[in-house]
Amino acid sequence: MIQQIYITDYLSDAAAQPVEMIQSLVAQCPALLNAQWTLGPLPPLKAFFNVLMAHDHTRPDLSVSALLSARQTWPAARPTFCLLPVHLGMRRDTFSLQAVIPLVTEVYVALTARLQTHFADDFVIEQDSSQRFWWIKPVRDIQAQCQWPQDCLYQQALQWQPQGPDAAVIRQWSNEIQMLLHQFALAADVANWPAELNSLWFASVGDMPAWQPSVPAIAGQGEVFAGLQASQLPAVRPLSMAACIADKQAPQALWVADQWQTFDWPMLSSALQAGSVSALTLVLPFAERSVEVHYKKRLRWQFWQKSASAETLLQQLEATLTAAG
């Protein structure tokens, strides 16, 4: 039976625009308006990895890129970095990460060719099938640690700059990339060029952490779950969501999905209404943090209580986020 659901939002699409997500979610699953909604201090991925109980907390957490690379079959050495298209909010004295930008195929292909030419002496760049990012293999050993974007949303630049002996190399590459993007935008040779794209983000690819999950079964869908399967995490189970909900003899399971749009909210809504799922914790992206939704089946005498509206719920969450910031 599903006990916890994590929408990882590993590319921060929903984190940058949470209103649409919450409005759609409660429209498809109205029972969640009767749940308790609280602002969590961590983004969904970090909250999820805490459940997996990584043993070594002293090293930088590079689990996301490690999982995404684990699902690939590399002909040679694994990449050192993942490179993502982003929008940086520029101010006079500093800047901050605002969003990871999706690219249409034409833009992705054109950028790939330009990067391969310009940085031929520095690194090998390989495309990813998702066309949301690239894999980078430097021609020499580069010692630098770069955080995953979801951990750095809306934070001032000084808090997430590359670290390590070769951090200056990453900064130099980033500066050159910004000039290339500026040239692309001015040339207008590529149709559908995204005006908000103004930088590419280097994220380090680390080793897989040593995990000991605190739940007996992990099921799900998407790239993060595929990485868990590729890493042969013992708790991973190839179960459908319907099987997780229906099998009352199965151990309580955790479900992980990349995007809220791919999750079957009507199925969950039916399960909540029928009582097949009587208690549930749902972790959703919300800006640079997360929203934790704690649902418990109401007792009969509690049904007189009026449910909150989506608008009221959003106002409460935004007020809490503003106060916490």
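Residues numbered from 1 in each chain as written. Predicted model: local features only at pLDDT ≥ 70, side-chain atom pairs only at ≥ 80, totals over all residues. Heavy atoms only, no water.

Engineer: Mind showing me how you'd approach the nonpolar core here?
Structural biologist: A general feature of soluble globular proteins is that nonpolar side chains tend to end up buried together. Membership of the largest hydrophobic core comes to 42 residues, with the highest contact counts inside it found for Tyr 10, Phe 48, Leu 84, Trp 148, Trp 201, Ile 218 and Leu 228. Every element with two or more residues in this core is listed here: helix 3 (44-52), helix 4 (63-70), strand 3 (81-90), strand 4 (95-100), strand 7 (199-204), helix 7 (223-230) and strand 9 (253-257). Top contributing element to this core by residue count: helix 3, with six residues. Dropping the residues within four chain positions of it, Phe 48 is found in contact with Tyr 6, Val 224, Leu 228, Leu 254 and Val 256. Ranked by size, the runner-up nonpolar core spans 41 residues in total, among them Ile 2, Ile 22, Leu 39 and Tyr 295. (Core = buried A, V, L, I, M, F, W, Y, C linked by side-chain atoms within 4.5 Å. Buried < 20%, exposed > 50% of the residue type's maximum accessible area, 1.4 Å probe, protein only. Helix = DSSP H or I, 4+ residues; strand = E, 2+ residues; numbered from the N terminus. Contact = heavy atoms within 4.5 Å.)

Engineer: Just to check I follow, could you spell out the pairing of strand 3 for this structure?
Structural biologist: It is a general feature of regular strands that their side chains alternate between the two faces of the sheet. With eight of its 10 residues buried, strand 3 lies for the most part within the structure. Pairing between strand 3 and strand 6 (residues 134-138): three bridges, direction antiparallel. Bridged to Phe 81 within strand 6 is Ile 136. Bridge count between strand 3 and strand 7: six bridges; the pairing is antiparallel. Across the sheet, Phe 81 pairs through a bridge with Ser 204, a residue of strand 7. Bridge analysis of strand 3 against strand 4 gives five bridges, and the strand direction is antiparallel. Within strand 4, the residue paired with His 87 across the bridge is Ala 99. Hairpin connection, strand 3 to strand 4: the antiparallel pair is bridged by four residues. (Pairing = 2+ DSSP bridges.)

Engineer: In this structure, what is going on with the pairing of strand 1 (residues 2-7)? I would like to understand it.
Structural biologist: Buried residues dominate strand 1, accounting for five of its six residues. Here strand 1 runs beside strand 9; their pairing, made up of five bridges, is parallel. Residue pairing in the sheet places Tyr 6 in a bridge with Val 256 of strand 9. Taken together, the three bridges between strand 1 and strand 10 (residues 279-286) define a ladder with parallel strand orientation.

Engineer: Got a minute to help me understand the packing of helix 4 against helix 7 in this structure?
Structural biologist: Axis angle and axis distance: for two packed helices, these are the angle between their axes and the distance between the axes, and together they describe the pair. For the pair helix 4 and helix 7, the least separation of the axes is 7 Å and the interaxial angle reads 75°. Judged by the inter-axis angle, helix 4 sits roughly perpendicular to helix 7. Counting all contacts with helix 4, which are made through Leu 67, Leu 68 and Ala 70, the residues of helix 7 involved are Glu 223, Val 224, Gly 227, Leu 228 and Ala 230. Split into classes, the residues belonging to the contact of helix 4 with helix 7 amount to six nonpolar, one polar and one charged. (Axes fitted to C-alpha atoms, helices over the stretch in contact; angles between N-to-C directions. Parallel < 35°, antiparallel > 145°, perpendicular 65-115°, else oblique. Nonpolar A, V, L, I, M, F, W, Y, C, P; charged D, E, K, R; others polar.)

Engineer: I tried to follow the packing of aromatic side chains on my own but got confused; where do I start?
Structural biologist: In this description, a pair of aromatic rings is defined by centroid distance and the angle of the planes. Following the criterion strictly, the structure yields 14 aromatic pairs and no others. Residues Phe 95 and Trp 160 carry aromatic rings whose centres are separated by 5.7 Å and whose planes lie at 65° to one another, so their mutual orientation is edge-to-face. Of this pair, Phe 95 sits in strand 4 while Trp 160 sits in the loop between strand 6 and helix 6 (167-187), and the two are 65 residues apart along the sequence. By relative accessible area, Phe 95 is classed as partly exposed at 27%. The structure contains a cluster of three or more aromatic residues connected by ring pairs, namely Phe 81, Phe 119, Phe 123, Trp 173 and Phe 202. Over the aromatic face of Phe 184 sits the side chain of Arg 114, whose NZ or CZ is 5.5 Å from the ring centroid. (Phe/Tyr/Trp six-rings, centres within 6.5 Å; stacked < 30°, edge-to-face > 60°. Lys NZ or Arg CZ within 6 Å of the ring centre and 35° of its normal.)

Engineer: Quick question: what am I supposed to make of the environment of Asn 198 here?
Structural biologist: Here Asn 198 is to be found in the loop between helix 6 and strand 7. For the pair Asn 198 and Val 104, spaced 94 residues apart in sequence, the C-alpha to C-alpha distance is 15 Å. Each residue touching Asn 198, except ones within four places of it in the same chain, is listed here: Val 86, His 87, Leu 88, Met 90, Gln 178 and Leu 181.

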